[in-house]
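Summary of the model geometry
Okay, here's what each chain looks like letter by letter:
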Amino acid sequence: MTLKFIVSKDLPIDLDQVRLPKHVAIIMDGNGRWAKRRGLPRMMGHQRGVDTLKNLLRCCRDWKIPALTAYAFSTENWGRPLDEVEFLMTLFERVLRRELREMMKENIRISFVGNLEVLPPSLQLEITRSMNDTQDNTGIQFTVATNYGGRQEIIQACQAIAIKIQKGLLAPEEINESLFERYLYTSGITHPDLLIRTSGEMRISNFLLWQLAYAEIYVTQTLWPDFNREEFYKALLAYQKRERRFGKV
C-alpha cells in the first residue's frame, strides 16, 4: 500500500467509472476489536471509526459515487454497556455540530433514517439542523442509519398502511412495492447496489432488509478503523467482476 494510492483523488485505472455502484451501503464493524488489539478503550475505536467514515465520504466524492449509507447505530445496540451507548450518543452529537460547516463546504446532503424520536433531545436537534441546512446541497447523498432496525422499519410501514386502510383511504389491492416503499424510512432514497461489511462477519444484522434485496455483498476481514481507499478499491473491483442479473438469465 503506497501513500500515493491513499491520497490520490483519481479513480484507479482498472475501475470502470460507468460500472461503479451508484449507492454503497456499509456496516462499520470492528471498532471495539480494533481498540482491544491495541490495548485501548472501545471508545477509541469508535472515535477512529468517525475519521474512517469521513475519509470514505471524500473518496466517494472523488470517485463520483453519488450515495453512501452508513449503519451507525442499530436498535439492538441499546443492549451495549451504558457508558458505551452514552459515549456514542455524545459522539454523534459532537461530530454533527463540528462537521456541519465542512459538509456544507463539500456539498454533502445528509439524512437520517431510523426511529429518531427516542434519541436524546439534544442529538435530535443536531440531526434536524444538519438535515435542514444541507437539504439543498447537490453532492453526495449521505444517509446515516441511527437507531435503525430493518424489521422495525417494515413493521411500522405495515402499521401505517393498515391505518390508511382502516380509515378507508386505501384499498388492499392498491398495495404494491412502489406504495410500500413510500412508508419506509428510506422513502425517496435509491436502493444500494453494493453492501460492504467490515471485520469478516457474514450477516447483514437487520440492516436495510427490504432495500438490499438485490445488492451485491462484499465482506472484508479488515476492521472498520483500518478501512481505507485501498480497501474500498478492492471492494469496488470485486463488485465490477460480478454479473448482476436480478433473477434473470
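Owing to the predicted nature of the structure, the values given are computational and were not obtained by experimental measurement. (Residues numbered from 1 in each chain as written. Predicted model: local features only at pLDDT ≥ 70, side-chain atom pairs only at ≥ 80, totals over all residues. Heavy atoms only, no water.)

Brief notes about the packing of aromatic side chains
Using the following cut-off: Working definition: a ring pair exists when centres of Phe, Tyr or Trp rings (six-membered ring for Trp) sit within 6.5 Å. Plane angles under 30 degrees give stacked, over 60 give edge-to-face, the rest tilted. Put simply, DSSP marks the helices as runs of H or I at least four residues long and the strands as runs of E at least two long, and each gets a number from the N terminus on. Only protein chains enter the area calculation, which uses a 1.4 Å probe; residues under 20% of their type maximum are buried, those over 50% are exposed, and those in between are partly exposed.
Following the criterion strictly, the structure yields 10 aromatic pairs and no others. With centroids separated by 6.0 Å and ring planes inclined at 65 degrees, the aromatic side chains of Y148 and Y185 adopt a geometry described as edge-to-face. Here the residue Y148 occupies a position in strand β4 (residues 141-148), and Y185 occupies one in the loop between α7 (177-181) and β5 (194-197), the gap between them amounting to 37 residues. Judged by relative accessible area, Y148 falls into the buried class, the value being 0%. Exposure remark for Y185: the relative accessible area of 22% places this residue in the partly exposed category. Ring centres of Y148 and F207 lie 6.0 Å apart, and the angle between their planes is 85 degrees; this geometry places the pair in the edge-to-face category. Placement of Y148 in strand β4 and of F207 in the loop between β5 and β6 (216-219) is noted, with a sequence separation of 59 residues between them.

Let's talk about the packing of helix α3 (residues 42-62) against helix α4 (residues 82-105)
What counts is decided by this rule: Here the axes come from fitting lines to C-alpha atoms, over the contacting stretch only for helices, and the angles between their N-to-C directions go from 0 to 180 degrees. Small angles under 35 degrees read as roughly parallel and large ones over 145 as roughly antiparallel, with 65 to 115 read as roughly perpendicular and the rest as oblique. The handedness criterion is simple: a crossing whose near helix is rotated anticlockwise from the far helix by less than a right angle is left-handed, and one whose near helix is rotated clockwise is right-handed. It only takes one pair of heavy atoms within 4.5 Å for two residues to be counted as in contact. Put simply, Ala, Val, Leu, Ile, Met, Phe, Trp, Tyr, Cys and Pro go in the nonpolar bin, Asp, Glu, Lys and Arg in the charged bin, and everything else, Gly too, in the polar bin.
The N-to-C vectors of α3 and α4 enclose an angle of 30 degrees; their axes lie 11 Å apart at closest approach. When the interaxial angle is binned, α3 and α4 end up roughly parallel. You can see that α3 and α4 cross each other, and the crossing is right-handed. Between α3 and α4, the contacting residues are R42, M43, H46, Q47, V50, K54 and R58 on the first element and D83, E84, F87, L88, L91, R94, V95, R98, E99 and E102 on the second. For the contact of α3 with α4, the per-class residue count stands at 6 nonpolar, 2 polar and 9 charged.

What about empty space enclosed by the protein?
Where we set the bar: Throughout, the protein atoms alone are placed on a 1 Å grid, and a set of points is a cavity if a 1.4 Å probe fits but cannot get out or a pocket if it is open with protein on both sides within 12 Å along at least five of seven lines; lining residues have an atom within 4 Å of a point. Grid points are joined across faces, edges and corners, and a volume is the space filled by probe spheres set on the points.
According to the stated counting rule, one finds 1 cavity of 30 Å³ or more in the structure shown. Of the pockets and cavities examined, the largest cavity occupies roughly 40 Å³. Lining the largest cavity, in full, are H23, T69, T143, T186, I189, T190, H191, P192, L208 and Q211. Looking at the lining of the largest cavity, its residues break down into 3 nonpolar, 7 polar and no charged.

Quick look at the packing of α4 against helix α5 (residues 121-134)
Taken N-terminus to C-terminus, the directions of α4 and α5 make an angle of 20 degrees; their axes are 9 Å apart at the nearest point. By the angle class used here, α4 and α5 are roughly parallel. As for how α4 packs across α5, the hand of that crossing is left-handed. Here α4 contributes M89, F92, E93, L96, R97, L100 and M104 to the contact with α5, which in turn contributes S122, L123, E126, I127, R129, S130, D133 and T134. The residue makeup of the contact of α4 with α5, split by class, is 7 nonpolar, 3 polar and 5 charged.

Brief notes about the nonpolar core
Convention followed: By nonpolar core is meant a set of buried Ala, Val, Leu, Ile, Met, Phe, Trp, Tyr and Cys residues that side-chain atoms within 4.5 Å join together.
I26, L68, F142, I196, F232 and L236 are the most contacted members of the largest nonpolar core, which totals 42 residues. Here this core takes 7 residues from α4, the largest share from any one element. L68 has contacts with H23, V24, I26, L53, L56, L57, C60, I140, Q141, F142 and T143, leaving out every residue within four places of it along the chain. Formed by 12 residues, the second largest nonpolar core is a distinct cluster that contains A25, L195, F207 and L208.

Some details on the sheet that holds strand β1 (residues 23-27)
Here is the rule we go by: Pairing between strands is defined by DSSP: at least two bridges between them are needed.
The sheet built from 6 strands is open, its strands ordered β3-β4-β2-β1-β5-β6 with parallel pairing. Here the strands that pair on one side only, and so sit at the sheet edges, are β3 (109-113) and β6. Across the sheet, the mean angle separating the axes of adjacent strands is 20 degrees when strand polarity is ignored. Sheet topology places strand β2 (residues 67-74) next to β4; 7 bridges connect them, and they run parallel. Directly across from S74, in β4, lies its bridge partner Y148. Across the face of the sheet, α4 comes into contact with β2, β3 and β4 while running at roughly 155 degrees to β2.

Description of the layout of surface pockets
Its boundaries defined by the atoms lining it, the largest pocket holds a volume of some 940 Å³. If you trace the largest pocket, you find 41 residues lining it, with M28, L53, Y71, A72 and F92 closest to the centre. Elements that contribute at least two residues to the lining of the largest pocket include exactly α2 (31-37), α3, β2, α4, β3 and β4. The class makeup of the residues in the lining of the largest pocket is 20 nonpolar, 9 polar and 12 charged. Lining the second largest pocket are 14 residues, and of these T52, N55, F227, N228 and R229 lie nearest its centre. Residue assignment for the lining of the second largest pocket shows that the elements contributing at least two residues are α3 and α8 (229-240). Element by element, the count of residues in the lining of the second largest pocket is highest for α3, at 7 residues.

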